[in-house]
Amino acid sequence: MKILAIDDQKLILFSVEKRLSELGYEVQTANSIESGIQLFNSFKPDLVLLDMNMPEMSGTELVSCTGTEVVKYIRVFMKNDTPILVMSGNTDEHLIMQNFDLGVNDYLKKPVSLDEMAARIKRIIGAPENKGVVTSKKSDTRMLQKNCVGVVIPCYNEEERLSSAEFKDFAHKNLGYHLCFVNDGSTDNTLAVLQQLKKDNADNISIYNCKQNGGKAEAVRQGILHLVKDQQLDYIGFLDADLSTDFRDFDDLVKTIESSDFKIVSGSRIARMGANITKESARKIISMTINLIIQTILGMPFKDTQCGAKVMDREIASKMFNKKFVTKWLFDVELFMRMKKYYGKSEVKSMICEQPLKRWIHADGSKLSMKDSVKIVGQLAQIAVHYR
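Fair warning: this is a prediction, and the values are worked out from it, not measured in the lab.

Trainee: Can you walk me through the pattern of salt bridges in this structure?
Mentor: Close approach of charged atoms allows side chains of opposite charge to pair. A full pass over the atoms with the stated rule returns 18 salt bridges. Lys358 is the partner of Asp252 in a salt bridge, and the nearest nitrogen-oxygen pair spans 3.4 Å. Taken as a pair, Asp252 in helix α9 (residues 247-258) and Lys358 in the loop between β16 (352-356) and β17 (359-361) lie far apart in primary sequence, 106 residues in all. Residue classification places Asp252 among the buried positions, given a relative accessible area of 18%. By relative accessible area, Lys358 is classed as partly exposed at 38%.

Structure below.
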């Protein structure tokens, strides 16, 4: 049995192709409407698996299109009754009903597991005759995300932390996430550990290697500029290698930006009812003092600019990270200052969302010590002068 999968995001296509091939289906993929229609005519599939939102090239500009054009081509122009299963993050009820009226057989809303996708396909066209079928264990459910997200993880001498199974498990289970580890001139075995991590998850992990240590700000900036080149990524963010903010909270930040008009969703370590936020008391006092200074410089009431977990849309990533930052550590403050200068103070307030984390733990051995905190005051003065 033959399946044609059409989706503009290769992270999604690869995972879909791999799973369906394991089950015994013959799979071909296309990452545009035009190539999808061409393959439909030559491949003659038994089922078409289709995304709704796919950008197409019009001259030199990207324009928004929908997979409805493929449905119209198959049902109206070709008068063909090949089963069509739509799998999309688009939740527009009008669009969904329009596609059902045109003759789609089923509609799966992302995020969705590969197992459910396979079950729906089996229900529509049956299982292939294959004795070597590979099945997934319930505990190993792999999810296709609503959008593709790139995550920059700066690393300086992090060989022990990077050995954690959390990175490997997240990359394996959350299809649609791309983890970009930036090796910031590490002097230990960080690069070797990263190479092994990538070897096990080659399709959704990349390494950007900086030969010399340039500091966290430049490492994150280089990683983001690297990811911006990948057109399939809808959002780009960054996360600390110590996982003081864990992947569950980062995924919550992504869900917020997906369902809102915010340009940036930033994690906040301000405690709230039911949250698990732990921090050394002395460090907490220093952080509160620094935050007050930052609020004064920004002229905006941000509670926690320095949390190492943020996600943003492509526009912010490409425009706000194109120039080097003045400081090595306080690029978060500089990011907001750049946005304030570019968009205006009143507009920026509606573009940024601070979202309290459900859990945050100060990890032992974090690179920013209490002595470093004292130096921050001088760096804040430097920022205030530079961006005035």
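From this point, the narrative continues.
Trainee: Hey, could you run me through the packing of helix α1 (residues 10-22) against helix α5 (residues 114-125) in this one?
Mentor: A pair of packed helices is characterised by two quantities: the angle between their axes and the separation of those axes. Where α1 contacts α5, the axes come no closer than 11 Å and their chain directions differ by 55°. With respect to α5, the element α1 is oriented oblique. In terms of crossing hand, the pair formed by α1 and α5 is right-handed. Residues Ser15, Val16, Arg19 and Leu20 of α1 lie in contact with α5, whose contacting residues are Leu114, Asp115, Met117 and Ile121. Its residues assigned to classes, the contact of α1 with α5 comprises 5 nonpolar, 1 polar and 2 charged.

Trainee: Help me understand the sheet that holds strand β7 (residues 106-109) in this model?
Mentor: Working definition: the strands of a sheet are paired by backbone hydrogen bonds and lie parallel or antiparallel to each other. Taken in spatial order, the 5 strands line up as β2-β1-β3-β6-β7 in an open sheet, and their pairing is parallel. The sheet is open, and its two edges are formed by β2 (26-30) and β7, each paired on a single side. On average, each strand axis in the sheet is inclined to that of its neighbour by 20°, with strand direction left out of account. Examined bridge by bridge, strand β6 (residues 84-88) and β7 share 4 bridges and lie parallel to one another. Looking at the pairing, Met87 lines up with Leu108 of β7.

Trainee: Looking at this structure, how should I read the pairing of strand β11 (residues 205-210)?
Mentor: Within a regular strand, side chains alternate between the sheet's two faces. One ladder, built from 6 bridges, connects strand β10 (residues 174-184) with β11; its direction is parallel. When the bridges of β11 are listed, Cys180 appears paired with Ser206. You can see the chain leave β10, run along helix α7 (residues 190-200) and come back into β11, and the turn it takes is right-handed.

Trainee: Would you explain unusual backbone geometry in this entry?
Mentor: Trans is the prevailing form of peptide bonds, just as negative phi is the prevailing case for residues other than glycine. Cis geometry marks the peptide bond from Lys110 to Pro111, where omega comes out at 0°. In this structure, Pro111 sits in the loop between β7 and β8 (112-113). One non-glycine residue, Lys44, lies in positive phi territory at about 50°. The residue Lys44 is located in the loop between α2 (33-43) and β3 (47-50) in this model. A positive phi angle is found at Asn157, which is not glycine, with a value near 50°. Along the chain, Asn157 falls in the loop between β9 (143-155) and α6 (165-173).

Trainee: Can you walk me through the packing of helix α3 (residues 68-77) against helix α4 (residues 93-102) in this structure?
Mentor: Where α3 meets α4, the axes come as close as 10 Å, and the angle between the chain directions of the two elements is 15°. Taken together, the axes of α3 and α4 lie roughly parallel to each other. Crossing handedness for the pair α3 and α4: left-handed. Seen from α3, the contacting residues are Thr68, Val71, Lys72, Arg75 and Val76; seen from α4, they are Leu95, Gln98, Asn99 and Leu102. The class makeup of the residues in the contact of α3 with α4 is 4 nonpolar, 3 polar and 2 charged.

Trainee: Just checking my understanding: could you explain the packing of aromatic side chains for this structure?
Mentor: Aromatic rings in a pair are described by how distant their centres are and how their planes are angled relative to each other. All told, the structure shown has 12 aromatic pairs when counted by the stated rule. With a centroid separation of 6.5 Å and an interplanar angle of 40°, the aromatic rings of Phe100 and Tyr107 are classed as tilted. Classification of Phe100 as partly exposed rests on a relative accessible area of 33%. Feature note: the residues Phe167, Phe170, Tyr177, Phe181, Phe247 and Phe250 constitute an aromatic cluster, connected by ring pairs. Just above the ring of Phe43 sits the side chain of Lys2; from NZ or CZ to the centre is 5.0 Å.

Trainee: What's the story with the confidence of the model for the protein in this structure? I'm lost.
Mentor: Low pLDDT means the predicted atomic positions in that stretch should not be read closely. Looking at the protein, the pLDDT average stands at 87 and 86% of residues meet or exceed 70. The model gives residues 57-64 a pLDDT under 50, and that stretch makes 9 contacts with residues more than four places away or in other chains.

Trainee: Could you clarify how one ought to interpret α5 in this entry?
Mentor: The α-helix advances 3.6 residues per turn, and as a result positions three or four apart in sequence lie on the same side. The end-to-end C-alpha separation of α5 is 17 Å, in line with the 16 Å expected for 12 residues at 1.5 Å each. Listing the buried residues of α5 in full gives Leu114, Met117, Ala118, Ile121 and Ile125. Buried residues of α5, seen end-on, are gathered within an arc of 95° and therefore sit on one face of the element. Of the residues flanking the end of α5, it is Gly126, one or two places downstream, whose phi is positive at about 90°.

Definitions and limits used
- Residues numbered from 1 in each chain as written.
- Predicted model: local features only at pLDDT ≥ 70, side-chain atom pairs only at ≥ 80, totals over all residues.
- Heavy atoms only, no water.
- Salt bridge = Lys/Arg side-chain N within 4 Å of Asp/Glu carboxyl O.
- Helix = DSSP H or I, 4+ residues; strand = E, 2+ residues; numbered from the N terminus.
- Buried < 20%, exposed > 50% of the residue type's maximum accessible area, 1.4 Å probe, protein only.
- Axes fitted to C-alpha atoms, helices over the stretch in contact; angles between N-to-C directions.
- Parallel < 35°, antiparallel > 145°, perpendicular 65-115°, else oblique.
- Left-handed = near helix turned anticlockwise from the far one by under 90°.
- Contact = heavy atoms within 4.5 Å.
- Nonpolar A, V, L, I, M, F, W, Y, C, P; charged D, E, K, R; others polar.
- Pairing = 2+ DSSP bridges.
- Right-handed = clockwise from strand over helix to strand, strands pointing away.
- Phe/Tyr/Trp six-rings, centres within 6.5 Å; stacked < 30°, edge-to-face > 60°.
- Lys NZ or Arg CZ within 6 Å of the ring centre and 35° of its normal.
- pLDDT = per-residue confidence, 0-100.
- Expected span 1.5 Å × (residues − 1).
- Arc of directions from axis to C-beta.

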